[in-house]
Structures are given as C-alpha cells and as structure tokens.
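Architecture and fold: a report
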Amino acid sequence: MWRDADFRRLWMGQTASQLGEHATLVVLPLFAVLTLHASAGELGVLRAVGQAPILLLSLFAGAWVDRWRTRTTMVLTDAGRAMALGAAAVAGLLGWLGLPGLLALAFAVGALSVFFDVAYQASLVRLVERDQLVQGNSALEGSRSAAQIGGPALGGALVSLLSAPIAAASGALFFALSFLSIRRIRRAEAMPVPPEGPPRVWRRIHEGLRFVARDAVLRTVCLASAAFQFTFAAVMTVYLLFLPRELHLSGTVVGLALTAVGPGALLGSLLAARLPGRFGYGTVLVCAAALGDGVFLCVPALHGSSAVTVAALLAVGFVFGFGGQLVNVTVMAVRQAVTPDGMQGRVAATITFAGMGMTPLGSLAGGFLAAEWGLRTSLLVTAAGMLLSPVVMALSPLARLGRKLPPSGAP
C-alpha cells in the first residue's frame with residue numbers, strides 16, 4: 001500500500017492538516033486564557049463556537065462528499081483554513097485579535113474542518129481495496145497520532161515563547177502544505193453512480209440518517225460516540241483551566257501534557273492493525289474505551305506543579321491516547337466495512353453529527369460546571385461521565401463482533 005504514490009500523498013496531506021488542526025486547537029484556548037484572561041464561561045463559549053459547525057454542517061458535508069470528488073473538497077478546505085489563519089495572524093500582529101476575532105476564526109476553521117474530515121474518511125474507501133481498510137486507517141490514524149505529538153507542543157510553545165499570531169501562522173503553513181500534497185493525487189476516484197434527476201439534499205441526508213438508524217452496529221457507534229464526545233468536551237474545557245490555574249502550569253508544560261496523547265495514539269495505531277484479528281473487534285473496542293476513558297479519573301487527585309504531577313499527566317495522556325486510538329481505528333474500519341460505497345460520506349457525516357455534534361453542548365456544560373462547582377469537582381464529575389461510552393458499547397451488538405469485519409449492509 002505504501003508503494004502507491006497517491007496513498008502517500010493523501011497520508012502526507014492528512015498529516016500536515018492534522019498538525020495544523022491540533023496546533024490551532026491549543027493556540028486559540030491558550031491565547032484566550034493567558035492573553036485575554038478569558039473566564040471559564042468565555043472559554044466554554046469559544047470552544048463551543050469552534051465545534052458548532054460539526055452540529056450545523058456535518059449532514060450537509062456528507063451529502064456533498066457523496067456527490068463530489070474528495071480530493072477537490074480537501075484541497076478547497078485546506079486553502080480556506082490557510083487563508084483564515086493567515087488573516088488572523090496579520091490581525092494579531094496589528095493588535096486587532098481580540099475575543100470576537102477568535103470566535104470568528106474558530107467558527108471558520110471549524111466549518112472547513114468538518115468538510116475536510118468527512119472527505120478524507122470517504123477518500124480512503126475510494127483509493128484502497130476493502131481488505132486494506134484496517135491497514136489504511138491504521139496509517140492515517142498513525143499520522144494523526146504524530147500530529148497529536150507535534151501539534152500541541154508547537155502551539156503551546158509558540159504562544160508562550162512568541163505570540164498567538166505567530167502560532168496561528170504556523171497553522172496556516174501546515175494547511176498550505178496539506179493543500180500542496182493532496183492536490184498532487186492523480187488517481188481518478190471510484191465515484192458512486194449519481195442518482196437520476198436533480199439532487200435533493202434533504203432526501204440524501206434522510207437516506208443517510210435512516211441507514212444508520214436501521215443498522216444495529218452503526219446505531220451503537222452513534223450512541224457511544226455521542227456519549228464520549230459530550231463528556232470529553234466537558235472534560236477538556238475544565239482540563240484547560242485546571243492545568244494553568246489549579247496546578248499552576250505554564251503554557252509550554254500544558255502543551256507538553258497534551259502532547260503525551262500522541263505517543264500513546266501512535267502505539268494504538270500500530271497495534272490496531274493486529275489486535276482485532278487476534279482478540280476480536282468487539283473485545284478490543286470495549287476494553288480500549290474503558291482503559292482510555294477511565295484514566296482521566298486520576299487527574300483530579302493531582303496537586304501542585306511538581307515533577308511528579310507532570311509525569312502523572314504525561315502518563316494519563318499516553319494511556320488515553322493509546323486506548324482512544326485503538327477505538328478510533330477499529331470503529332472506522334467497522335463503519336467503512338458495513339457501509340456501501342455510495343453511502344460512505346453520508347454515514348461518516350451522520351456519525352460525526354451524532355457524536356461530534358455534542359461537543360459544543362459539552363464545552364458549554366464544562367464551562368458552566370467549572371464556574372459553579374469549582375475546577376477539581378467539575379473535572380471529577382465529567383471524567384466519571386466518560387465511562388458511559390464503554391458501557392454503551394459493552395451492552396450492544398458491537399461488543400459481540402468477532403475477528404473478522406462484518407459484511408456490508410444494503411443501502
């Protein structure tokens with residue numbers, strides 16, 4: 001598979017895009033907290049605005065991707081994100097980058113990222129054979145792991161040592177590199193046959209929703225994803241306040257703690273190509289989710305900024321990244337296997353809508369709880385809530401999947 005030049009171009013472009021995205025996800029909240037002195041509620045609003053496009057646009061993105069070339073969609077969204085961050089960098093250097101500007105930037109980058117993410121998930125199915133899905137997803141998710149290693153560290157360091165505008169400019173550079181790589185893909189995509197007559201967007205969206213709702217495996221993926229994304233968004237809103245304000249960590253150390261997710265995720269990506277075939281897809285999903293989600297319960301017990309605290313945060317990030325990446329790769333392979341080619345974009349978008357669409361609400365909930373209950377108590381409650389996702393999977397048909405991918409369903 002690595003001998004395929006087009007797959008390598010997709011992989012390199014996705015890696016650069018993820019680096020830009022993960023750097024930006026750290027830069028904006030840290031700039032708001034450390035430079036603009038944003039309150040817990042304001043940080044919750046900032047994160048919610050950046051995540052709102054997932055709820056508003058995911059279903060439309062799925063209908064779009066199933067009718068258009070994924071390469072074109074990814075190239076256009078990379079160009080848009082590069083220009084948005086470039087404009088923000090210039091505004092910041094001129095002293096114009098305040099909270100309203102951050103809100104507008106977060107929404108614009110979030111909206112374009114929705115289309116890119118749906119497109120790249122569908123693009124793999126059009127580039128590789130069905131029996132290469134696990135290996136392909138492992139490679140792509142491995143690149144995301146590399147981005148999780150470099151992105152947060154880069155973003156946190158640039159905000160602390162230089163400025164938010166320069167950090168934003170680094171994100172623009174990565175999106176530009178992704179644009180240059182993906183636009184070099186030459187293979188003609190195996191496009192699904194378009195339906196006769198004019199496209200009816202709402203009908204196509206409804207077809208995707210109905211297909212997911214009728215499939216027990218996909219329905220469970222939606223429910224588990226919604227539970228995880230809501231609680232994880234709440235956890236991260238509190239977490240990004242807890243580290244600098246309760247543990248008194250600098251922006252660089254916060255970025256380092258977030259970076260620890262990357263090595264764990266990289267290991268998870270490597271093992272994801274092997275473990276399901278040995279222990280079964282269901283067993284891997286439930287155990288990995290319980291391990292990765294449960295480890296956050298250790299964080300509220302930490303005090304101070306000692307080396308022991310930093311080491312514990314690194315260990316928590318590593319375990320979370322390992323378990324979370326095993327779940328991501330395995331779920332994506334299962335989802336792609338049970339979905340017909342002509343439904344890939346809409347199914348990916350429906351699951352994104354049901355899962356990631358909960359993140360704005362989770363971010364708002366995290367900000368509200370932090371303001372009302374305090375950071376330590378809020379972190380404990382939201383971390384405990386993350387265990388709902390593995391419980392949903394354990395009680396569903398997803399847990400009974402064996403060592404082979406399930407067959408494709410009918411549209």
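As the structure is a prediction and not an experimental result, all values here were calculated from the model.

Basis of the calculations
Residues numbered from 1 in each chain as written. Predicted model: local features only at pLDDT ≥ 70, side-chain atom pairs only at ≥ 80, totals over all residues. Heavy atoms only, no water. Helix = DSSP H or I, 4+ residues; strand = E, 2+ residues; numbered from the N terminus. Buried < 20%, exposed > 50% of the residue type's maximum accessible area, 1.4 Å probe, protein only. Salt bridge = Lys/Arg side-chain N within 4 Å of Asp/Glu carboxyl O. Phe/Tyr/Trp six-rings, centres within 6.5 Å; stacked < 30°, edge-to-face > 60°. Lys NZ or Arg CZ within 6 Å of the ring centre and 35° of its normal. Patch = residues over 30% accessible without salt bridge, like charges linked within 9 Å, V, L, I, M, F, W, Y side chains within 5 Å. Areas by Shrake-Rupley, 256 points an atom, 1.4 Å probe, with all protein chains shown as cover. Core = buried A, V, L, I, M, F, W, Y, C linked by side-chain atoms within 4.5 Å. Contact = heavy atoms within 4.5 Å. Expected span 1.5 Å × (residues − 1). pLDDT = per-residue confidence, 0-100. Axes fitted to C-alpha atoms, helices over the stretch in contact; angles between N-to-C directions. Left-handed = near helix turned anticlockwise from the far one by under 90°.

So, unusual backbone geometry
Positioned with a positive phi, His248 is a non-glycine residue whose angle comes to about 60°. Among the secondary structure elements, His248 is positioned in the loop between helix 8 (216-246) and helix 9 (251-259). A relative accessible area of 58% means that His248 is categorised as exposed.

As for the pattern of salt bridges
Evaluated as defined, the whole model comprises 3 salt bridges. For the salt bridge of Glu21 with Arg81, the shortest nitrogen-to-oxygen distance reads 3.8 Å. With a gap of 60 residues between them, Glu21 in helix 1 (residues 5-35) and Arg81 in helix 3 (residues 70-93) connect regions that are remote in the sequence. In terms of burial, Glu21 and Arg81 fall into one category: buried. When salt bridges that share partners are traced, they join Glu21, Asp78 and Arg81 into one network.

Considerations on the packing of aromatic side chains
Tallied over the entire structure, the rule returns 6 aromatic pairs. Residues Tyr239 and Phe296 carry aromatic rings whose centres are separated by 5.6 Å and whose planes lie at 85° to one another, so their mutual orientation is edge-to-face. Of the two residues, Tyr239 is situated in helix 8 and Phe296 in the loop between helix 12 (281-294) and helix 13 (307-338); the sequence distance between them amounts to 57 residues. Here Tyr239 matches Phe296 in class, with each residue buried. These aromatic residues form a ring-pair network of at least three members: Phe228, Phe232, Tyr239, Phe296 and Phe320. Cation over ring: Arg81 sits above Phe116, and NZ or CZ is 4.7 Å from the ring centre.

Describing a nonpolar patch on the surface
On the surface, Val45, Leu361 and Leu364 cluster together to form a nonpolar patch covering roughly 230 Å² of accessible area. Summarising the element assignment, Leu364 is placed in helix 15 (residues 359-373).

Some details on the nonpolar core
In terms of nonpolar packing, the biggest core is built from 54 residues, with Tyr239, Leu243, Phe296, Val299, Leu313 and Phe320 touching the most fellow members. No other element matches helix 8, which puts 10 residues into this core. With residues up to four places along the chain from it excluded, the contact list for Phe296 reads Phe232, Val235, Tyr239, Val316, Phe320, Ala383 and Met386. Among the nonpolar cores identified, the runner-up in size contains 27 residues, and Cys222, Ala272, Leu285 and Val331 belong to it.

Observations concerning the environment of Val114
With respect to the element layout, Val114 can be found in helix 4 (residues 99-127). Among the residues examined, Val114 registers a relative accessible area of 6% and is labelled buried. Through-space distance from the C-alpha of Val114 to that of Ala61 is 7.1 Å; in sequence the pair is 53 residues apart. Other than its neighbours up to four places away in sequence, Val114 contacts Pro53, Ile54, Leu57, Ser58 and Ala61.

A look at helix 14 (residues 344-355)
Between its first and last C-alpha, helix 14 extends 16 Å over 12 residues, near the 16 Å set by a 1.5 Å rise per residue. Burial of helix 14 is extensive: 10 of the 12 residues sit out of reach of the surface.

Looking at the environment of Leu36
For Leu36, the location among the structural elements is in the loop between helix 1 and helix 2 (40-65). The exposure class assigned to Leu36 is partly exposed, which follows from its relative accessible area of 33%. Other than its neighbours up to four places away in sequence, Leu36 contacts Phe31, Leu97, Gly98, Leu99 and Leu102.

Examining the confidence of the model for the chain
Considering every residue of the chain, the mean pLDDT works out to 79; 85% of them sit at 70 or more. Of all helices and strands in the chain, the one with the weakest mean pLDDT is helix 5 (residues 133-161) (66), whereas helix 17 (residues 388-394) scores best (91).

Quick notes on the side chain of Thr73
Locating Thr73 in the fold gives a position in helix 3. Not counting chain neighbours up to four residues away, the residues in contact with Thr73 comprise Trp64, Phe115 and Ala119.

Considering the packing of helix 10 (residues 261-272) against helix 13
Close contact between helix 10 and helix 13 brings their axes to 6 Å; oriented N to C, the two are set at 35°. Seen from above, helix 10 lies across helix 13 with right-handed handedness. On helix 13, the residues touching Val261, Pro263, Gly264, Ala265, Leu267, Gly268, Ser269, Leu271 and Ala272 of helix 10 are Gly317, Phe318, Phe320, Gly321, Phe322, Gln325, Leu326 and Val329.

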